[in-house]
Amino acid sequence: MHVNTEAIVISALKYGEADLIVKAYTLESGLKTYMLRGILKSKKGKLKASLFQLLTQLDLVASHKNKGTLEYLKEAKVLHTYQTLHTNVIKASMVMFLAEVLKNAIREEEANKPLYEYLTAGLNWLDLHDSIANFHLLFLLKLTRYLGFQPDDSSKDFSYFNMLDGVFQEYKRNEYCIEGENVQILRQLLGINFDSLTNVKLTQVSRTNFLNMLILYYELHIEGFRKPKSLAVLNEIFS
């Protein structure tokens, strides 16, 4: 099937001497994997390896068999040119981390327009703003809405947050019920938008602890989700 779609690059892995395997989250077809043969050595082809930097927004022309196999990519061009996302060292580290989370978290090969629009809006905000120390925390928290396990904030005044059930509770009911500062930060982040992040003041220790809690929350709700290898790098950047 011939498809023209917007897409976000999730990963690009070198295969052999000259090939590239690219995972992209597409607007029209969800997650797709493309084999780009000879792209790392070819100087005359339409496709250039530089197009496939992490989280780049592209306009693709592809041929999809929709059988869970590697797809064929005919054309690609940058749809939205970032100003700082790949040139700012701190943002580039965050991009690496977020891309790894998305690679582990998004599995479906079907369109999800609200999720796609959330990802592009978040990345565009990150590209244009400087106060980003807590961006990844809110980005991951908001992402849970589109993945199906958003925390229920209807009883957020209770002391405990049950990570297994995603609800606030008055009493501790299992080993995954947390309390204290992480619950306070969770309350603070629920319901705000990215523009309100400047009002969230966290120490490096608090930020690291809350991020580790979020990663565990993902592990509890997404089968096979693995702690990102780039987590240590990100924590070092904001230390």
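None of the values given here were measured: they were computed from a predicted structure. (Residues numbered from 1 in each chain as written. Predicted model: local features only at pLDDT ≥ 70, side-chain atom pairs only at ≥ 80, totals over all residues. Heavy atoms only, no water.)

## Notes on the sheet that holds strand S8 (residues 177-178)
The condition is simple: Paired strands, as defined in this entry, are two strands with at least two bridges between them according to DSSP. Strands are runs of DSSP state E lasting at least two residues, helices are runs of H or I lasting at least four, and both sets are numbered from the N terminus onward. In this analysis, two residues are considered to be in contact whenever any of their non-hydrogen atoms come within 4.5 Å of each other. Here the axes come from fitting lines to C-alpha atoms, over the contacting stretch only for helices, and the angles between their N-to-C directions go from 0 to 180 degrees.
The strand order across the open sheet formed by three strands is S7-S6-S8, and the pairing between neighbours is antiparallel. Only two strands of the sheet have a single partner each, and these edge strands are strand S7 (167-169) and S8. Sheet analysis places strand S6 (residues 160-162) next to S8, joined by two bridges and oriented antiparallel. Paired with Phe 161 across the bridge in S8 is Ile 178. Lying on the sheet, helix H4 (residues 181-189) is in contact with S6, S7 and S8; it crosses S7 at an angle near 130°.

## Observations regarding empty space enclosed by the protein
Taking a probe equal in size to a water molecule and rolling it over the atoms shows the remaining empty space. Selection rule: Definitions used throughout: a 1 Å grid over protein atoms alone; a cavity as a set of points that fits a 1.4 Å probe which cannot get out; a pocket as an open set with protein on both sides within 12 Å along at least five of seven lines; a lining residue as one with an atom within 4 Å of a point. Grid points are joined across faces, edges and corners, and a volume is the space filled by probe spheres set on the points. Under this grouping Gly is polar, as are all residues other than the nonpolar Ala, Val, Leu, Ile, Met, Phe, Trp, Tyr, Cys and Pro and the charged Asp, Glu, Lys and Arg.
Summed over all chains, the structure comprises one cavity of 30 Å³ or more. Lining the largest cavity are His 136, Gln 204, Arg 207, Thr 208, Leu 211, Leu 234, Asn 235 and Phe 238. If you list the elements that add at least two residues to the lining of the largest cavity, you get helix H5 (204-221) and helix H6 (231-237). Looking at the lining of the largest cavity, its residues break down into three nonpolar, four polar and one charged.

## A look at the UniProt feature "domain: DNA replication/recombination mediator RecO N-terminal" (unreviewed entry) in the chain
For clarity, the threshold we go by: UniProt positions are given in the numbering used here, feature names are shortened, and annotations may be inferred rather than shown by experiment.
UniProt records the feature "domain: DNA replication/recombination mediator RecO N-terminal" (unreviewed entry) for residues 1-82 in the present numbering. Structurally, residues 1-82 comprises 0% helix and 55% strand, and the distance from its first C-alpha atom to its last is 30 Å.

## Considerations on a nonpolar patch on the surface
Put simply, the rule reads: Each patch groups residues whose relative accessible area exceeds 30% and which form no salt bridge, using 9 Å between like charges and 5 Å between nonpolar side chains of Val, Leu, Ile, Met, Phe, Trp and Tyr. The Shrake-Rupley method, run with a 1.4 Å probe, gives the accessible areas here. Residue values count only the displayed protein chains as cover. Salt bridge, as used here: a side-chain nitrogen of Lys or Arg that lies within 4 Å of a carboxyl oxygen of Asp or Glu.
On the surface, a cluster of nonpolar side chains totalling about 380 Å² of accessible area is made up of Val 89, Ile 90, Met 96, Val 233 and Ile 237. Among the elements of the structure, helix H1 (89-105) and H6 are those that each provide at least two residues to the nonpolar patch. By residue number, the principal contributor to the nonpolar patch is H1, which donates three residues. Structurally, the position occupied by Ile 237 is in helix H6.

## Concerning the environment of Tyr 15
By the element assignment, Tyr 15 lies in strand S1 (residues 2-15). The spacing of Tyr 15 and Val 101 is 86 residues in sequence and 22 Å in space, taken between C-alpha atoms. Sequence-distant contacts of Tyr 15, defined by excluding residues within four places in its chain, comprise Leu 20, Ile 21 and Met 35.

## Regarding the sheet that holds strand S2 (residues 19-26)
Strand order in the open sheet formed by five strands is S3-S2-S1-S4-S5, and the pairing between neighbours is antiparallel. Single-partner strands in this sheet number two, and they are strand S3 (30-36) and strand S5 (72-80). The mean inter-strand angle of the sheet, taken between neighbouring strand axes irrespective of direction, is 40°. In terms of strand pairing, S2 meets S3 through seven bridges, oriented antiparallel. Across the sheet, the residue bridging to Tyr 25 is Leu 31, located in S3. Contacting S1, S2, strand S4 (57-63) and S5, helix H2 (residues 113-128) runs over the sheet at an angle of about 60° to S1.

## Details of unusual backbone geometry
With phi around 65°, Leu 55 is a residue other than glycine that occupies positive phi space. You can see Leu 55 is positioned in the loop between S3 and S4.

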